[in-house]
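Structural characterization, general
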Amino acid sequence: MNSDHHVIIENLNEIWERQRGLNRLRISQAYEILNQLAPSLQLAGSATEAVGLASACFGESDLLRKFSSRDRINTCRRLSEMLNTFGLDPDELLFPSPEAQNGNGIAYVGNRYSEEAWRIFSSHFPGTGPHVYNSFAEICEDTASGATDACIIPVENISDGKLLSFYSLIERHDLKISALCDITNEDDTKRTRYALLRRHICRPEAGDSDRGMYHDIFFEFSFSPSPGITLDEILHTTVLCGLKIYRVDSVPLSYNESSFIFHIVLLGSIEDIVTYAVFLQLCMAQYTPIGVCRLLGPTRKNNL
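Residues numbered from 1 in each chain as written. Predicted model: local features only at pLDDT ≥ 70, side-chain atom pairs only at ≥ 80, totals over all residues. Heavy atoms only, no water.

1. Observations regarding the confidence of the model for the protein
The condition that has to hold: pLDDT expresses how confident the predictor is about each individual residue, on a scale running from 0 to 100. Note on definitions: a residue-residue contact is assigned when non-hydrogen atoms from the two residues lie within 4.5 Å.
Here the protein averages 86 in pLDDT, and 89% of its residues register 70 or above. A low-confidence stretch, residues 208-214 stays under pLDDT 50, and its non-local contacts, those more than four residues away or across chains, total 14 contacts.

Right under this line is the structure:
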């Protein structure tokens, strides 16, 4: 190694060390902003209100653009910790309140596959009777109006992938995915994924500890890229938050086919999903949560 090459390496090492120092200084300034906000956050009536206060503060002078993606996620982790300290539950960003069931049962369209999906869902949510309908549009309408507690529709299969016509029903009626299950045909050559839809997102219950299901939670949301938040940053920040990217779909906007709305499906623990919800609320309040749920299978009782 010649002396010139050695000098370059030394210079790079010095630059990297300075950069690490600047990174530490930058994130300390983000934490200082949160410390200054602490009295106001403590007086907030809810976690949603507190995150809104933080978003307004960071929005001044476009402060969020001055931080890296890693800084933003670390800031959101710190904010989430502060909310818990103040007795404010960040969970409410995704789960506003437990949904009261009216005993109106689960609706599904009468066919063998939907009935099998109902058996799986009802085994995990006992006390929910069946209501058989003739059309998917009708069960979504009745669930949205409260005539039924939930409904079952197919959302994905092996041959067609994401079933956009059924997702349009979810969007039209503003329903949320609260559970998933897979149904296969007789020779196991075709799999269809069914979703249990409710009016609000429900916090998934802990799964069987021996299968570690509580760490296998799906989080699905949609968003349209903007100058402040792009798809590459969304994907980067999910990894920084400890989540896995399960699927990304894009659909042209009906009024502008050159622009797209993206559907992101992530997989991870509830804790990391809630932290990511703080990030989304802080950085891009225009996102739309679609579901937080587990993939369910038949209960042990049904397997006997």
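Back to the text.
2. Observations concerning the pairing of strand β6 (residues 191-198)
Filter applied, for reference: Each residue gets one of three labels from its accessible area relative to the maximum for its type: buried under 20%, exposed over 50%, partly exposed in between, using a 1.4 Å probe on protein chains only. Where helices and strands are cited, they refer to DSSP runs of H or I of at least four residues and of E of at least two residues respectively, numbered from the N terminus. For two strands to be treated as a pair, DSSP must find at least two bridges joining them.
Counting buried residues along β6, 7 of its 8 residues qualify, which places the element largely inside the surrounding structure. Bridging between strand β3 (residues 150-157) and β6 involves 6 bridges; their strand directions are antiparallel. Paired with Pro154 across the strands is Tyr194, a residue of β6. Pairing analysis gives 8 bridges linking strand β5 (residues 176-184) to β6, with the strands arranged antiparallel. Across the sheet, residue Ile183 finds its bridge partner in β6, namely Thr192.

3. A word on the side chain of Thr192
With respect to the helices, strands and loops of the structure, Thr192 is situated in strand β6. By relative accessible area, which is 15% here, Thr192 ends up buried. Among all residues touching Thr192, those that are not within four sequence positions of it are Pro154, Glu156, Asn157, Cys181, Asp182 and Ile183.

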